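# Chain and residue survey
So you can see what is in the structure, the chains are spelled out below.
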Amino acid sequence: MSKEKITGSEALMRALQAEGVKTIFGYPGGSIMPVYDALYDYTRGEKKAFDHILVRHEQAATHAAEGYARVSGEVGVCIVTSGPGATNTLTGIADAMLDSTPIVVIAGQVPIGALGTDAFQEVDLVGLAQPISKWSYQIRRAEDIAWAVSRAFYIARSGRPGPVVLDFPKNAQVEQVEFALKKVDFVRSYVAYPPLDETAVREAAELINNAKKPLALVGQGVELGNAQDELVAFLEKADIPAGRTMLGLSALPSTHPLNVGMLGMHGNYAPNLKEQECDVLIAIGMRFSDRVIGNANTYAKQAKVIHLDIDKSEIDKNVKTDVAVVADCKESLPAITALLREAKHTEWRDSFIPLAAKERERVIEPAIHPTAGPLLMGEVVNAVAEATKGDAVLVTDVGQNQLFATRYFQYPKKRSICTSGGLGTMGYGMPAAIGATFGAPDRTVVCFMGDGGFQMCIEELGTIMEQQAPVKMILLNNNYLGNVRQWQDMFWQRRQSFTKMMNPCYELIAQGYNIPYEAVTDRSNLASAIDRMLTTKGPYILECAIREDDNVLPMTPPGMSVDDMLLDVNV
């Protein structure tokens, strides 16, 4: 008796169902139409398995999938058509690769017989995506669908997560196949979880036990490995102060006494300077980005460096390591903790206090509690953070809005930040926030954007309108590409080359999308406006008129050592 035969498109639906997919972000087109025809039945009626979110641009589909993945811990999924639909996803794929975000992008393709003929909307997606994805594969036959989908999800979510691209020619979408699920949990030559080296564990523990001035650098790898509790146990046993990278901000609660702030170019003063004083540096799930280490030739030369990372390729890439523990940090952290002696580094931890106080007096208080003049970005972020009482997910776009928001928001809960780190993608914020509302429907999602980034993804107001996605959008409008303007002022003799912006009337735009809107120009109205935003059901746009020359501080000038961090702008 022959098995039931179904189309390749139907097989895709069943394979996605088997992976636990609930939400798909996408945009239909000619070469993916058979899949969308199958999807019709799987989004309604008795077969309903998925919610499909129709975005307004394919790049937004990838960013929405990223936002969904970052806050939920699941794999984000998007479906697009061939040609420009596929190429529009490349920015999001690269973004997910650099930030280790697990997404699966499924793109239509012309039939196999038409490949190489310059057919309408034909493009070599596999070739384009290969350098910026964990795996890129063309499903040429319907019989390969179950295997390819299972393998895609296994690769995307295992080890160091990342994006996977499936190129899906139209012939495979319509072919008949006897479908059977296939489970892939092993790929030859791909070691998702390296075995823990006990010798390295002992060497790391010995260095930490003998340290007088240990400092931990906490990255997003802790959250990707769901090792937040293991991190706290590790830090507390050895009494180690910890700085956090931008993507690792919610890996350690903001209120934890061992948290000493954010690392990096616009991070906090104390941890940046103390990197140049510590005797043992413990990097946990972070990649020593140039934005963290500044000048690599002068970075932490006095310290023994321990690097915990699941990806061997990160070891010795930017900073020379004395001890490398290549493993899942959920396994390596408790293994090291078990060998640590209870310690107290009171004098060392106390040495951070005057530096933090200096930054507080000269930078933070003037930024969040100004007494006169136009609104500042820091005070708006601080006011939203206080109003949401630590329950919100922070999503940002890229630029000054991102740097102020990440500095002044609070992160008492896990998976509370969603921002474009490695690629720095303007236009990321709004679609990522849409995805976050589906990935964490029980949490408030606030999205800070500048006027530049807002206009790069403004079409997604249509998605928000249609879905009534409850994104609380805070538009920090300074009429400039603010971060570039700051660099021009500081390092290019104030030659503000094409950073001043003529902006539209955002109130009229909000009216066009039927989204509640309010503008704040005076700080006396800020608190009440934020309250109205947070208590209004559904989406909201709060436009804040920001001082045009507001600058992000502290700042380590590009190419300089981390201990050259500036507290003031001297131009």
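## Details of the nonpolar core
Among the nonpolar cores identified, the biggest contains 66 residues, and L281, F288, Y299, F409, F448, I474 and C544 are the most heavily contacted of them. Once residues within four sequence positions are removed from consideration, C544 is found in contact with L375, V380, I474, L475, L476, N477, V520 and L526. In terms of nonpolar packing, the next biggest core, distinct from the first, is built from 42 residues, L16, I106, F168 and V187 among them.

## Some points on the sheet that holds strand 10 (residues 242–244)
Judged by pairing direction, the sheet is parallel, and its six strands sit side by side in the order 11-10-9-12-13-14 without closing on themselves. Unpaired on one side and paired on the other, strand 11 (259–262) and strand 14 (323–326) mark the two borders of the sheet. Here the average twist between neighbouring strands, direction ignored, is 15 degrees. As paired strands, strand 10 and strand 11 are joined by three bridges and run parallel to one another.

## Some remarks on the side chain of D95
Note on placement: D95 falls in helix 5 (residues 90–98). Buried charge without a partner: D95 forms no salt bridge, and the closest opposite charge is R70, 5.2 Å away. Setting aside residues up to four positions removed in sequence, D95 forms contacts with H63, E66, S420, L423, T425 and Y428.

## Quick notes on the sheet that holds strand 15 (residues 393–396)
With parallel pairing, the six strands of this open sheet are ordered in space as 16-15-17-18-20-19. Strands with a single pairing partner mark the edges of an open sheet, and in this sheet they are strand 16 (417–418) and strand 19 (517–520). Pairing analysis gives four bridges linking strand 19 to strand 20 (residues 540–545), with the strands arranged parallel. From the neighbouring strand, Y517 faces strand 20, where its bridge partner is I541. Contacts between helix 18 (residues 400–408) and the sheet are confined to strand 15, strand 16, strand 17 (445–450) and strand 18 (471–477), with strand 15 contributing the most and set at about 160 degrees to the helix.

## Focus on the packing of aromatic side chains
Across all of its chains, the model carries 14 aromatic pairs by this definition. The interplanar angle of 70 degrees and the centroid separation of 6.1 Å between the aromatic rings of F288 and Y299 together place this pair among those described as edge-to-face. Of the two residues, F288 sits in the loop between strand 12 (280–284) and helix 13 (290–293) while Y299 sits in the loop between helix 13 and strand 13 (304–309), which places them eleven residues apart along the sequence. Judged by its relative accessible area of 1%, F288 is buried. An angle of 75 degrees between the planes, with centres 5.1 Å apart, marks the rings of W348 and F352 as edge-to-face. Take W348: its relative accessible area is 5%, and that puts it in the buried class. Every member of this aromatic cluster is reached through a ring pair, and the members are F25, Y68 and F438. The ring of Y40 has R44 lying over it, and the distance from NZ or CZ to the ring centre is 3.9 Å. Across from the ring centre of F352, 5.7 Å away, lies the NZ or CZ of K274, which sits over that ring.

## Quick look at the pairing of strand 12
When you tally the buried positions in strand 12, you get five out of five residues, the bulk of the element. Bridge analysis of strand 9 (residues 214–218) against strand 12 gives five bridges, and the strand direction is parallel. When the bridges of strand 12 are listed, V218 appears paired with I284.

## Description of a negative patch on the surface
Taken together, the side chains of D197, E198, E203, E206 and E331 make up a negatively charged region of the molecular surface. Of all the elements, helix 9 (residues 198–209) adds the most residues to the negative patch, at three residues. Along the chain, the position of E198 falls in helix 9.

Basis of the calculations
Each chain carries its own residue numbering, running from 1 in the direction its sequence is written. Reporting in this predicted model follows two pLDDT cut-offs: at least 70 for local features of residues, and 80 or more for side-chain atom pairs to be given and counted; totals over whole chains, interfaces and linings ignore these cut-offs and use all residues. Only heavy atoms go into the side-chain values, all of them from the structure, while hydrogens and water stay out. Take the buried residues of types Ala, Val, Leu, Ile, Met, Phe, Trp, Tyr and Cys, join any two whose side-chain atoms come within 4.5 Å, and each joined set is a nonpolar core. Burial classes: relative accessible area under 20% of the type maximum marks a residue as buried, over 50% as exposed, and values in between as partly exposed (1.4 Å probe, protein chains only). Only heavy atoms enter the contact rule, under which two residues are in contact if any of them lie within 4.5 Å. Strands qualify as paired when DSSP identifies two bridges or more between them. Each helix is a run of H or I in the DSSP string that is no shorter than four residues. Each strand is a run of E no shorter than two, and both are numbered from the N terminus. A fitted line through C-alpha atoms serves as each axis, taken over the contacting stretch for helices, and the angle formed by two N-to-C directions is quoted from 0 to 180°. Positive charges come from Lys and Arg alone, negative charges from Asp and Glu alone, with His and the N- and C-terminal ends not counted. What counts as a salt bridge is simple: a side-chain nitrogen of Lys or Arg found within 4 Å of a carboxyl oxygen of Asp or Glu. Aromatic rings from Phe, Tyr and Trp, taking only the six-membered ring of Trp, are treated as a pair when their centres fall within 6.5 Å; an angle between ring planes under 30 degrees marks them as stacked, one over 60 as edge-to-face, and anything in between as tilted. Geometrically, a lysine NZ or arginine CZ counts as sitting over a ring once it is within 6 Å of the ring centre and also within 35 degrees of the ring normal. Patch rule: a residue counts if its relative accessible area is over 30% and it has no salt bridge; like charges are joined within 9 Å, and nonpolar side chains (Val, Leu, Ile, Met, Phe, Trp, Tyr) within 5 Å. Computed with the Shrake-Rupley method and a 1.4 Å probe, the accessible areas treat only the protein chains shown as cover for residues. To locate a charge, the coordinates of NZ of Lys, CZ of Arg, CG of Asp or CD of Glu are taken.

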